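Here is how the chains run, residue by residue.
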Amino acid sequence: MRRLLLTGMLAVALLVAGCDDDGSSCTTLPGGPRYCLQTTDSIVPFDVQQKVDVSFDSRRETMIAQLEADAGGIRFAGMTPFGQKLLQVSFDNRDVTAETFPGKGPDPVLLLALVQVATWPAEHVRAGLDGAEVIDDDSNDAPAQRRLVKDGKDIVVIRYTRGRPPAGDMLILLPAAGVEFSITNLDIAATR
């Protein structure tokens, strides 16, 4: 099971292939635009546990994620459904550090960039984005969503259910990479 999940995560990392391993807190999102991580000093602190289902190439893998953000930074830990740690990534508002088990895992900056794009307020996402625009669609006719668009094409599409993050659930689509993340907040799911 662990080997299958690690293989799946590596495949996602290769599919997403937005890696910029230049030691910076910036990365290239699938489809071309660049995103630089934003500091957490003006973010409302949160701590959530989530179930993350990743779909790619007709496969589906599951990971449990612990995500924390406060004025000191953002921390992400990914585990198998049985609690075995797969990766740990943090951003202290200056540097990104990552620990993957074993070997190479997904680009840590890209992983945190997706977290910020999906959960941060739109004005913070816009500040970190270069080469795309953020479109929020909160109309009554459509489900709440956020889209990053470049040259008229969707780069990242996030659909929110049960409210906005961090409390709500979401679906993150990366059309250029053919990857889909279905994220369920386990803290809320347990109280339903």
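This write-up is about the structure you can find in this document. Worth saying up front: this structure is predicted, and the values here are computed from it rather than measured.

1. What about unusual backbone geometry?
One non-glycine residue, Asp57, lies in positive phi territory at about 45 degrees. Tracing the backbone shows Asp57 in the loop between strand S3 (46-56) and strand S4 (59-70). Of note, Asn93 is a non-glycine position whose phi angle comes to about 75 degrees, a positive value. Turning to its location among the elements, Asn93 is positioned in the loop between strand S6 (85-91) and strand S7 (96-100).

2. Quick look at the pairing of strand S10 (residues 145-150)
In terms of strand pairing, S10 meets strand S11 (residues 153-161) through six bridges, oriented antiparallel. Bridged to Arg147 within S11 is Val157. Between S10 and S11, which pair antiparallel one after the other, the connecting turn spans two residues, and Asp151 there sits at a positive phi close to 50 degrees.

3. Brief notes about the pairing of strand S5 (residues 73-79)
In summary, the side chains of a regular strand alternate between the two faces of the sheet. Taken across its seven residues, S5 has six buried, putting it largely inside the fold. Pairing of S4 with S5, which is carried by seven bridges, proceeds in the antiparallel orientation. Counterpart to Glu68 in the pairing with S5 is Arg75. Across six bridges, the pairing between S5 and S6 is antiparallel. Note that in S6 the partner of Gly78 across the bridge is Leu87. Taken together, S5 and the strand that follows it, S6, pair antiparallel across an intervening segment of five residues, in which Gly83 is found at a positive phi of about 90 degrees.

4. Quick notes on the state of the cysteines
Such a bond, covalent and formed between the sulfur atoms of two cysteines, is termed a disulfide. Under the definition given, this model contains one disulfide. Put simply, Cys26 and Cys36 are joined by a disulfide, and their sulfur atoms are 1.9 Å apart. Taking the sign of the S-S torsion, 105 degrees for the link of Cys26 and Cys36, the bridge is right-handed. Taken together, the positions of Cys26 in strand S1 (residues 26-28) and Cys36 in strand S2 (residues 34-36) put the pair 10 residues apart, joining distant regions of the chain. The class for Cys26 is buried, based on a relative accessible area of 12%.

5. Some thoughts on the environment of Trp120
Along the polypeptide, Trp120 turns up in the loop between helix H2 (108-119) and helix H3 (122-128). Spatially, the C-alpha atom of Trp120 lies 9.5 Å from that of Val44, the residues being 76 residues apart in sequence. Apart from the residues within four sequence positions on either side, Trp120 is in contact with Gln38, Thr39, Thr40, Ile43, Phe46, Ala69, Ile74, Val115, Val125 and Arg146.

Definitions and cut-offs
Residues numbered from 1 in each chain as written. Predicted model: local features only at pLDDT ≥ 70, side-chain atom pairs only at ≥ 80, totals over all residues. Heavy atoms only, no water. Helix = DSSP H or I, 4+ residues; strand = E, 2+ residues; numbered from the N terminus. Pairing = 2+ DSSP bridges. Buried < 20%, exposed > 50% of the residue type's maximum accessible area, 1.4 Å probe, protein only. Disulfide = S-S within 2.5 Å. Contact = heavy atoms within 4.5 Å.

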